[in-house]
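One letter stands for each residue in the lines below.
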Amino acid sequence: QLVLMKKGRTRSEADHCSICCLPLPLDADGSTLFKACCMNILCNGCTLAAANFGMEDCPFCRVPTPDESQALVMIKKLADAGDPLAVYNLGTKYEYGEYGLEKDVTRAVELYERAAELGVKEA
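Residues numbered from 1 in each chain as written. Predicted model: local features only at pLDDT ≥ 70, side-chain atom pairs only at ≥ 80, totals over all residues. Heavy atoms only, no water.

S.K.: Can you help me understand helix 2 (residues 44–52) in this one?
M.R.: Every α-helix carries 3.6 residues per turn, so stepping three or four residues along brings you back to the same face. Among the residues of helix 2, C46, T47 and A50 are the ones counted as buried. Seen along its axis, helix 2 keeps its buried residues to an arc of 100°; they face one direction. Turned more than 90 degrees away from the buried face of helix 2, the exposed residues are L48 and N52. Close packing links the buried residues of helix 2 with strand 1 (32–35) and strand 2 (40–43). (Buried < 20%, exposed > 50% of the residue type's maximum accessible area, 1.4 Å probe, protein only. Helix = DSSP H or I, 4+ residues; strand = E, 2+ residues; numbered from the N terminus. Arc of directions from axis to C-beta. Contact = heavy atoms within 4.5 Å.)

S.K.: When you look at helix 4 (residues 84–96) in this model, what are you seeing that I'm missing?
M.R.: Its 13 residues give helix 4 an end-to-end C-alpha distance of 19 Å, which sits within 8% of 18 Å, the value for a rise of 1.5 Å per residue. The secondary structure elements touched by the buried residues of helix 4 are strand 1, helix 3 (68–80) and helix 5 (105–118). Sitting at the head of helix 4, D83 places a side-chain oxygen 3.0 Å from the backbone nitrogen of L85. (Expected span 1.5 Å × (residues − 1). Polar contact = N/O pair within 3.5 Å; in protein donor to acceptor, adjacent residues only side chain to side chain.)

S.K.: Would you mind going over the environment of V87 with me for this structure?
M.R.: For V87, the position within the fold is in helix 4. If near-sequence neighbours (up to four positions away) are discounted, V87 is found in contact with A79, L111, R114, A115 and L118.

S.K.: Would you explain unusual backbone geometry in this entry?
M.R.: Positive phi, close to 65°, is recorded for C21, a residue that is not glycine. Structurally, the position occupied by C21 is in the loop between helix 1 (2–6) and strand 1. Although it is not a glycine, Y99 sits at a positive phi angle of roughly 60°. Within the secondary structure layout, Y99 lies in the loop between helix 4 and helix 5.

S.K.: Help me understand the pairing of strand 2 in this model?
M.R.: Remark: a regular strand shows side chains that alternate across the two faces of the sheet. Pairing analysis gives four bridges linking strand 1 to strand 2, with the strands arranged antiparallel. Opposite L33, over in strand 2, you have L42 as the bridge partner. Where strand 1 hands over to strand 2, the hairpin turn is made up of four residues, of which M39 adopts a positive phi near 55°. (Pairing = 2+ DSSP bridges.)

S.K.: Would you explain the state of the cysteines in this entry?
M.R.: Put plainly, two cysteines are in a disulfide when a covalent bond ties their sulfur atoms together. Under the definition given, this model contains zero disulfides. Unpaired in this structure, C58 has its nearest cysteine sulfur neighbour in C37, at a distance of 3.6 Å. (Disulfide = S-S within 2.5 Å.)

S.K.: What exactly am I supposed to notice about the packing of helix 4 against helix 5 here?
M.R.: To characterise two packed helices, one gives the angle between the axes of the helices and the distance between these axes. Between helix 4 and helix 5, the shortest axis-to-axis distance is 8 Å and the interhelical angle comes to 160°. Of the possible angle classes, the one that applies to helix 4 and helix 5 is roughly antiparallel. With respect to the hand of their crossing, helix 4 and helix 5 are arranged in left-handed fashion. For the pair formed by helix 4 and helix 5, the contact residues are P84, V87, Y88, L90, G91, T92, Y94 and E95 on the first element and R107, A108, L111, Y112, R114, A115 and L118 on the second. Per-class residue counts for the contact of helix 4 with helix 5 are ten nonpolar, two polar and three charged. (Axes fitted to C-alpha atoms, helices over the stretch in contact; angles between N-to-C directions. Parallel < 35°, antiparallel > 145°, perpendicular 65-115°, else oblique. Left-handed = near helix turned anticlockwise from the far one by under 90°. Nonpolar A, V, L, I, M, F, W, Y, C, P; charged D, E, K, R; others polar.)

The following block contains the structure:
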């Protein structure tokens, strides 16, 4: 039984909070927060701790939190540069029609396929 526990699968570093390094939940139940400024996913504990200290900026990169139009420009610029997470997140914005984008499922699928080629497992 001990051998089975030692031979378990390990999770990649992308599955951990960028600040506290604790594993993020596997299901997207709202316990994580995506930051467009640095393309990091943070746990709510780190976000809450930063808010309790009066920090209104991004807890990871310390950049002021962008509004939707600024965030969209950041995501598009990073996606054009080939950032896999940015490509995936731009796809989600097109799929759900967020950040002022018109809902476009075919464009979302194209972006998801590109993200998958770049190694994003959620895509």
